[in-house]
Structures are given as C-alpha cells and as structure tokens.
Amino acid sequence: MKRRITLIPGDGIGPEVALATQRCVEATGISVEWETVHAGSDIMEKKGTPLPEEVLESVRRNKIAIKGPVTTPVGTGFRSVNVALRKELDLYACLRPCKGYPGVRSRYEGVDLIIVRENTEDLYAGIEFERGAKETKELVEKILALNPKAKFNPDPAISIKPISKKASERIVRFAFETALKNHRKKVTAVHKANIMKCTDGLFLETAREVARGYEGRIQFEDRIVDNMCMQLVQRPGDYDVLVLPNLYGDILSDLCAGLVGGLGVAPGANIGDDCALFEATHGSAPKYKGLNKANPTAMILSGVLMLRYLGEEKAADRLEGAVAKVIREGRQVTYDLKPDKNDPTAVGTSQMADAIIAAMNGQS
Ligand code: NAD
C-alpha cells in the first residue's frame, strides 16, 4: 500500500537533512508518496505567516508527517511554529529515545533511555503577562485578593503553569504503553512536587494512579527533577522510560541527548490520538544553512521512528542498522562525528545519506 506522508522541509539546515531522510526512507523499499508543504522563515516572506493553513490541512489529511527544524523568531511576533503545530494537532506526547550508537563519541556506553514529554501545557502553554501591562497589574491584584500570603516584587512579568489531570493521565498512560511496546521494565515520573504541590503534585498523584493499572508488568518510581539530573549524569543505566511535564521534559531531553553524543544523533516524535509528526530534537542551526555540512542522523532516525509507528518494522530495522553501521565505521560521517571536527575526510550531509543507502543495499 502506498503511504502518503506530509513532508515539511523547514528552514536553516532543515531542507538538507529532510532530503537526506526522504532518500533513506525511500531506499528501504516502502512505497511512499510525499506531500511537501512549507513552514518556517522562508515561507513567511511569501505568505506572511510561518505556518500556512495548508500545512495543518495536509497533516490532518495524511495523519502522518515528518519535519525538518524551523527557526523560532526571538522576541515579539509569532511564538513558535513547533509549539503551534503541537497545539493545533493536539500532539500531546513528545517521544525522544536517547540511545548510544557505538562510534559516536560520548562519556557513556550503552545508554538507552526513552523520554516521554507532555507537550500541551505547563509553562509552555503560552499564558504570559508582560511587565507593566494593565492586565498584569490586574492579575497581581486578583491574586493578592485570592491569596493574601502571596508576595510580588514591584512590576513583575508572569507566566502561568497549568497542569491538568486529563493531560497528566494521558501522558503517563502513553509512557506505560510505550514501555510495554518496547519491552521496557520501568517508568520514572519526574517532578518538583515537593515545592509545586498543586501542579507537580497533581502530576505525581495522577502518575501513581495510572501506575497501579500496570502493577506486575512495569515498575514505577518517581524522582525530583534536580536529583534526576544528577542521577542521569552519574548513572544513566539505572533508568529506562522517563515521563515528565513539558518544561522538565524539554530540558532533560537535551541533557539525555548529551549523554548519547549530542543533538546530531537525537531523534524525536510528537504523537497524538489522530496524527503523528516526526522531527529531530535539534534546531535549524542557521550557521550551517546550505553548506551540506549538517549531520542528517537525527532526522533519519526520526524517519526510523516513523517507520516503526507505521508498523514497517523490517524497513525500520534495515535503516537503523545501516545508520549504526556507517557511524560505527566512522569513515563516511559528517564533521561532528569525527574525533577532530576539522578532519578533512568528513563528508557532507548528502554523502552521509549515500553511505547509509549503500549500507542498506549491502554495498559497503
Ligand atoms: P540548534 O539545535 O539549531 O543548534 C545548536 C548547536 O548544535 C549548534 O552549535 C549547531 O551547530 C549544532 N547542531 C544542531 N543540529 C546539528 C546537526 N544536525 N549537525 C551538526 N550540528 C548540529 O539550536 P539553536 O541554535 O538553539 O536553535 C536555532 C533555531 O532552531 C532557533 O530558532 C530555535 O528556536 C530553533 N529550534 C527549532 C526546533 C524544531 O524545529 N523542532 C528545535 C529546536 C530549536
């Protein structure tokens, strides 16, 4: 059956790593039809928005998409294409496997963690009040009226952190189901419930409730986020699947990407009940735009996750095996995977994709 997949090349290094991924996915032999739509800074100039409606329509229609990174403008204006896509499509679960591949330089060996990050609420909900705005002053007055113990320094800016039972329950359930599907043993819920008793407290209480339904099949434990950071750096092998609210999930995903060799090799997926969107953890690295220099591995491994999501396990195993082989051999890899970043034998983005395709076809 021909699969129709939405392809969003993105901007910066996005189009280069997206093309490399497209070629590698096609080379697995699965039958795909790409529907290419554009989001990001390049289309912003033409259409006046970095996220044209046709992008959302295409993902809703095809239910599956793969995306290159998109630059987020700093300061005022459109907040983030990435956050908007996750919200509009209700992609509530962010899945970020962090697996060490031999050949990638890292301080650790054998790390194989799965991070499950809640994607829709928390301090990322975008409910913010600017310093000095009339609404901010009204909000401060309202809070003081409701809670006389509250204290503010003069003229604060305020971000709101909503955490709900509904969102906590579905993300923790997603983490347990991911653990079952991937033959994992343990889920660890990460929080700061000792300080944020209402919000993180609700997340933890809900996680404990959901965990009861998996007793005897998957172990459960919880960790306070600061302690978790230290433990991951000291003994990452003690952990398996981590489930976190949005902000801690964002920070710990990068920490764990660092444990396995960095952003160049960290794939990701945003998954909802209806649609799924696959993308690397890294951003658009604008300084490498158009130089055929960026490492395509993270996006290609996001393609592997997409193939598994589609039930194409054989194709996924072939592609992941080929990526692992090319990295292990260490010859036809981009500059960041060489022991010396200035190594003249480093290859470009498209040549690394060629090597992965050749490895899949048994030609190397
Ligand atoms: P970045 O991930 O683009 O770059 C961080 C560092 O990692 C840079 O030194 C870069 O050179 C290196 N790097 C990243 N990807 C690489 C690759 N594939 N190969 C080799 N080196 C790579 O992070 P940033 O600089 O903080 O962000 C740039 C822009 O991307 C920002 O606008 C940010 O908001 C956006 N961003 C988008 C996404 C997304 O689309 N999902 C995710 C993160 C950041």
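Residues numbered from 1 in each chain as written. Predicted model: local features only at pLDDT ≥ 70, side-chain atom pairs only at ≥ 80, totals over all residues. Heavy atoms only, no water.

What follows concerns the overall build of the protein chain. Summing up its helical and strand segments, the protein chain has 12 helices and 12 strands in all. Relative to a compact globule of 364 residues, whose C-alpha radius of gyration would be 21 Å, the protein chain shows 21 Å and is just as compact. The dimensions of the protein chain, computed from C-alpha atoms along their principal axes, are 70 × 55 × 45 Å. In the protein chain, the proportion of contacts linking residues at least 24 apart, taken out of those at least 6 apart, comes to 75%. A total of about 17200 Å² of accessible surface is found on the protein chain, and carbon and sulfur atoms cover 52% of it. Positive and negative side-chain charges in the protein chain, numbering 51 and 48 respectively, have mean positions lying 2 Å apart. (Helix = DSSP H or I, 4+ residues; strand = E, 2+ residues; numbered from the N terminus. Rg over C-alpha atoms; globule rule 2.2 N^0.38 Å. Contact = heavy atoms within 4.5 Å. Areas by Shrake-Rupley, 256 points an atom, 1.4 Å probe, with all protein chains shown as cover. Lys, Arg positive; Asp, Glu negative; His and termini not counted. Charge placed at Lys NZ, Arg CZ, Asp CG, Glu CD.)

Attention now goes to the site of the ligand. Neighbouring residues of the ligand: 20 residues in total, closest Val-70, Thr-72, Gly-283, Ala-285 and Asn-295. Between the ligand and Ser-284 there is a distance of 3.0 Å, counted from an oxygen atom to a backbone nitrogen or oxygen. Between the ligand and Tyr-335, the relevant distance is 3.3 Å, taken from a nitrogen atom to a side-chain nitrogen or oxygen of the residue. Within the complex, 69% of the 810 Å² of free accessible area of the ligand lies under protein. Split by residue class, the shell around the ligand holds nine nonpolar, eight polar and three charged. (Near = heavy atom within 4 Å. Polar contact = N/O pair within 3.5 Å; in protein donor to acceptor, adjacent residues only side chain to side chain. Nonpolar A, V, L, I, M, F, W, Y, C, P; charged D, E, K, R; others polar.)

This part covers the domain arrangement of the protein chain. If you check the domain split of the protein chain, you get domain 1 (1-97 + 264-364), domain 2 (107-122 + 164-259) and domain 3 (128-161). Put simply, the middle of domain 1 and the middle of domain 2, counted by C-alpha atoms, are 25 Å apart. The three residues of domain 1 that bury the most area against domain 2 are Tyr-92, Cys-94 and Arg-96, which together make up 47% of that side's buried surface. For the pair domain 1 and domain 2, the number of links is one salt bridge. In this structure, Asp-90 engages Arg-170 in a salt bridge whose closest nitrogen and oxygen atoms are separated by 3.1 Å. Along the contact surface separating domain 1 from domain 2 lie seven residue pairs in polar contact (both at pLDDT 80 or more). Going through the elements one at a time, α4 (81-88), β4 (93-99) and β11 (269-271) are the ones with two or more residues in the side of domain 1 that touches domain 2. (Domains from an automatic or database assignment. Buried area = accessible area lost by both parts, 1.4 Å probe. Salt bridge = Lys/Arg side-chain N within 4 Å of Asp/Glu carboxyl O.)

What follows is about a positive patch on the surface. A surface patch of like charges, here positive, comprises Arg-105, Lys-287, Lys-293 and Lys-341. Note that Lys-293 resides in the loop between β12 (276-279) and α10 (297-309). Here Lys-293 falls in the partly exposed class, since its relative accessible area comes to 33%. (Patch = residues over 30% accessible without salt bridge, like charges linked within 9 Å, V, L, I, M, F, W, Y side chains within 5 Å. Buried < 20%, exposed > 50% of the residue type's maximum accessible area, 1.4 Å probe, protein only.)

A separate point is the sheet that holds strand β9 (residues 219-224). The strand order β2-β1-β3-β12-β11-β4-β5-β10-β8-β9 describes an open sheet built from 10 strands, whose pairing is mixed. Of all the strands in the sheet, just β2 (32-36) and β9 have a single pairing partner and so form its edges. Each adjacent strand pair in this sheet contributes to an overall mean axis angle of 25°, direction not counted. Pairing between β4 and β11: three bridges, direction antiparallel. Residue pairing across strands places Leu-95 opposite Ala-269, the latter belonging to β11. In this fold helix α3 (residues 53-62) packs onto β1 (3-8), β2 and β3 (64-67), with an angle of close to 155° to the strand it touches most, β1. On the sheet, α4 packs against β3, β5 (112-118), β11 and β12 and is oriented at approximately 155° with respect to β12. (Pairing = 2+ DSSP bridges. Axes fitted to C-alpha atoms, helices over the stretch in contact; angles between N-to-C directions.)

On to the pairing of β5. Burial analysis of β5 places six of its seven residues in the buried class, which makes it a mostly covered element. Relative to β5, β4 runs antiparallel, the two sharing seven bridges. Bridge pairing links Leu-95 to Val-116 in β5.

Further remarks concern helix α12 (residues 349-360). Taking 1.5 Å of rise per residue, 12 residues should cover 16 Å, and α12 covers 17 Å from first to last C-alpha, within 8% of that figure. With respect to burial, α12 is a largely interior element, nine of its 12 residues being buried. Among the residues of α12, Thr-349, Met-352, Ala-353, Ala-355, Ile-356, Ile-357, Ala-358, Ala-359 and Met-360 are the ones counted as buried. Backbone geometry just downstream of α12 places Gly-362 in the positive-phi region, at approximately 70°. (Expected span 1.5 Å × (residues − 1).)

Before going further, it helps to examine the pairing of β9. Note: strand β8 (residues 186-191) against β9, six bridges, orientation parallel. Counted as the bridge partner of His-191 is Ile-224 from β9.

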